[in-house]
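Inside the fold
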Amino acid sequence: MSDPEDGGGRESTRWRTSSRTSPQTFFAAGLAGLEAGARASLASDEVGHIRAARIRRGGRLVVIDGAGSRWEAELVALDRRRASCRLLAPLPTEPALPLHLWAPVANRDRSLWLVEKVVELGAATITWIEWERSRSVADAGRSDGFLRRAAGRARAALKQSGRSWLPRLEGPLTPAEAFGRREGAGWLADAAGRPLRGRAIARGSEGRPAGRPLTVAVGPEGGLTSSERRRCSEAGFESVSLSRATLRFETAAVVAVASAAAMLADDENEADDEGMT
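Residues numbered from 1 in each chain as written. Predicted model: local features only at pLDDT ≥ 70, side-chain atom pairs only at ≥ 80, totals over all residues. Heavy atoms only, no water.

**Topic: the overall build of the protein**
Convention followed: Labels follow the DSSP assignment, with helices taken as runs of H or I lasting at least four residues and strands as runs of E lasting at least two, numbered in each case from the N terminus. Buried means the residue's accessible area, taken with a 1.4 Å probe over protein chains only, is under 20% of the maximum for its type, while exposed means over 50%, and partly exposed covers the values in between. Should any heavy atoms of two residues lie within 4.5 Å, those residues are counted as being in contact. Here, Shrake-Rupley sampling with a 1.4 Å probe gives the accessible areas, and only protein chains in the shown set may cover a residue.
Summing up its helical and strand segments, the protein has seven helices and 11 strands in all. Looking at the protein residue by residue over its 277 residues, the buried ones come to 42%. Sequence separation of at least 24 residues holds for 76% of the intrachain contacts in the protein that already meet a minimum separation of 6. Looking at the protein as shown, the accessible area adds up to about 14400 Å², and 47% of this sits on carbon and sulfur atoms.

Next comes the structure, spelled out in structure tokens:
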């Protein structure tokens, strides 16, 4: 029997999907406030992904909106331009981490790789900073086209990782602009800083309440200038050393974000435990 939503004259084997595989994740707009049984439209650019995944009407999938909503759903309609689903049951989501990354304007391809990895780790924002030594990078990510590609990488990484919060991408900004927007504590990845061990650095002598934002700043190849390091220190950033080895900027960003994400998640768990006692 042909599938009327397929638009073809016969059912194709490309629609068959194994029930043994976990449902794949797709973006759908406007999930906030919806209840089980409601219908939601998938993002227009997901139609091709639905077809490539060989999901047919009645097939299960997971839909997210990038703003915390995550649902198990059933595909109910599909044509060449549109797809929609019925929401079945909300799925648990992790809280958004108050974790912000300042990445250097740097090599375009390596910057896109960085986006994928820190999205998987839970960064809430990624801001590109035009440090002094960023100016000499010829193929740097400064254009609107770069931000569009970065947004695509972020969406793909979010779907793959099972997370629910799409980070905000912005920049490039000058250091002065970025300092004017920052809130909370700060880490500066710097080989001359204190070794990053556990949570002692981020908490500091006064302690760091759960939920307080943490910004991780990473410099370009060649590092920050002495004046930039001094400006970071004056703004309250604590210099942290991530490794005895010299790390590329994207490696340093991933190591620092992973450490910060683990610490912030522990803080949230401790706050929850204290609230139950």
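Now that the structure is up, let's keep going.
**Some points on the sheet that holds strand 9 (residues 185-195)**
Stated precisely, the cut-off is as follows: Note on pairing: two strands pair once DSSP finds at least 2 bridges between them. Axis lines are fitted to C-alpha atoms, over the contacting stretch for helices. Their N-to-C directions set the angle, which ranges from 0 to 180 degrees.
Strands sit in the order 8-7-6-10-9-11 across an open sheet of six strands; the sheet is parallel. Each edge of the open sheet carries a strand with a single partner, namely strand 8 (168-173) and strand 11 (237-241). Between one strand axis and the next, the sheet turns by 25° as a mean value, whatever way the strands run. In the packing of helix 3 (residues 144-161) onto the sheet, the strands contacted are strand 7 (125-129) and strand 8, and the crossing angle to strand 8 comes to about 155°.

**A few points about the side chain of Thr 127**
Under the convention used in this document: As used in this structure description, the phrase polar contact means that two N or O atoms lie within 3.5 Å; if the pair is within protein, one of them must be able to donate a hydrogen and the other to accept it, and residues adjacent in sequence are counted only when both atoms belong to side chains.
Of note, Thr 127 is situated in strand 7. Only 3.0 Å separates the side chain of Thr 127 from the side chain of Glu 170, close enough to count as a polar contact. Setting aside residues up to four positions removed in sequence, Thr 127 forms contacts with Leu 101, Trp 102, Ala 103, Glu 170 and Leu 173.

**Describing the environment of Trp 131**
Tracing the chain through its elements places Trp 131 in the loop between strand 7 and helix 3. Under the relative-accessibility criterion, Trp 131 is labelled buried at 1%. Here the alpha-carbon distance between Trp 131 and Pro 175, two residues 44 residues apart in the chain, equals 6.7 Å. If near-sequence neighbours (up to four positions away) are discounted, Trp 131 is found in contact with Trp 102, Pro 104, Pro 175, Val 218, Gly 219, Pro 220, Leu 224, Glu 228 and Cys 232.

**Describing the packing of aromatic side chains**
Put simply, the rule is: Classification of ring pairs rests on two measures: the distance between centres of Phe, Tyr or Trp rings, Trp counted by its six-membered ring, which must be within 6.5 Å, and the angle between planes, read as stacked under 30 degrees, edge-to-face over 60 and tilted in between. By the criterion adopted, a ring carries a charge over it if an Arg CZ or a Lys NZ lies within 6 Å of its centre and within 35 degrees of its normal.
A full pass over the atoms with the stated rule returns four aromatic pairs. Centre to centre, the rings of Phe 179 and Phe 237 are 6.1 Å apart; their planes meet at 75°, and the pair counts as edge-to-face. A residue pair is termed long-range when its members are at least 10 positions apart, and Phe 179 in helix 4 (residues 175-181) and Phe 237 in strand 11 qualify at 58 residues. By the ring-pair criterion, three or more aromatic residues cluster together here, those being Trp 102, Phe 179 and Phe 237. Across the ring face of Phe 27, the terminal group of Arg 155 is positioned such that the distance to the ring centre comes to 4.1 Å.

**Concerning the nonpolar core**
Keep this limit in mind: Take the buried Ala, Val, Leu, Ile, Met, Phe, Trp, Tyr and Cys residues and link them wherever side-chain atoms come within 4.5 Å; each set so joined is a nonpolar core.
Leu 99, Leu 101, Val 118, Trp 128, Trp 187 and Val 216 are the most contacted members of the largest nonpolar core, which has 42 residues in total. Counting residues per element, the ones that place at least two in this core are strand 3 (60-64), strand 6 (99-104), helix 2 (108-121), strand 7, helix 3, strand 9, strand 10 (214-217) and helix 7 (249-276). If one sorts the elements of this core by residue count, helix 7 sits on top with 10 residues. Residues Ile 50, Ile 55, Leu 75 and Ala 83 belong to the second largest nonpolar core, which totals 18 residues.

**Here's the deal with the environment of Ile 129**
Mapped onto the secondary structure, Ile 129 falls in strand 7. Remark: the alpha-carbon pair of Ile 129 and Trp 102, spanning 27 residues in sequence, is separated by 6.3 Å. Residues within four places of Ile 129 in sequence aside, it is in contact with Trp 102, Ala 103, Pro 104, Val 105, Ser 134, Leu 173, Thr 174, Pro 175 and Ala 178.

**Section: the pattern of salt bridges**
Operational definition: Salt bridges are defined as contacts in which a side-chain nitrogen from Lys or Arg sits within 4 Å of a carboxyl oxygen from Asp or Glu.
Scanning all chains against the criterion turns up 15 salt bridges. Residues Glu 170 and Arg 168 are paired through a salt bridge, measuring 3.6 Å at the closest nitrogen-oxygen approach. Salt bridges sharing common partners tie together Arg 110, Glu 221 and Glu 250.

**Topic: the pairing of strand 3**
Within strand 3, four of the five residues are buried, which leaves it mostly tucked inside the rest of the structure. Note that strand 1 (residues 25-27) and strand 3 share three bridges and pair parallel. Bridging from a neighbouring strand, Phe 27 pairs with Ile 64 of strand 3. Of the pairings in the sheet, the one linking strand 3 to strand 4 (residues 70-78) comprises five bridges and is antiparallel in character. Bridging across to strand 4, Val 62 finds its partner in Glu 72.

**Quick notes on the side chain of Ser 241**
Counting through the fold element by element, Ser 241 comes out in strand 11. Setting aside chain neighbours within four positions, we find Ser 241 in contact with Asp 190, Ala 191, Gly 193, Arg 194, Pro 195 and Leu 196.

**Focus on the packing of helix 2 against helix 3**
Rules: Here is the rule for handedness: rotate from the far helix to the near one, and if that takes an anticlockwise turn smaller than a right angle the crossing is left-handed, while a clockwise turn gives right-handed. Only Asp, Glu, Lys and Arg are considered charged, only Ala, Val, Leu, Ile, Met, Phe, Trp, Tyr, Cys and Pro nonpolar, and every remaining residue, Gly among them, polar.
Across the interface, helix 2 lies against helix 3 with an axial gap of 8 Å and an inter-helix angle of 35°. Remark: the crossing between helix 2 and helix 3 carries right-handed chirality. Residues Arg 108, Ser 111, Leu 112, Trp 113, Val 115, Glu 116, Val 119 and Glu 120 of helix 2 form the contact with helix 3, whose own contacting residues are Phe 146, Arg 149, Ala 150, Arg 153, Ala 154, Ala 157, Leu 158, Gln 160 and Ser 161. Classifying every residue of the contact of helix 2 with helix 3 by side-chain character gives nine nonpolar, three polar and five charged.

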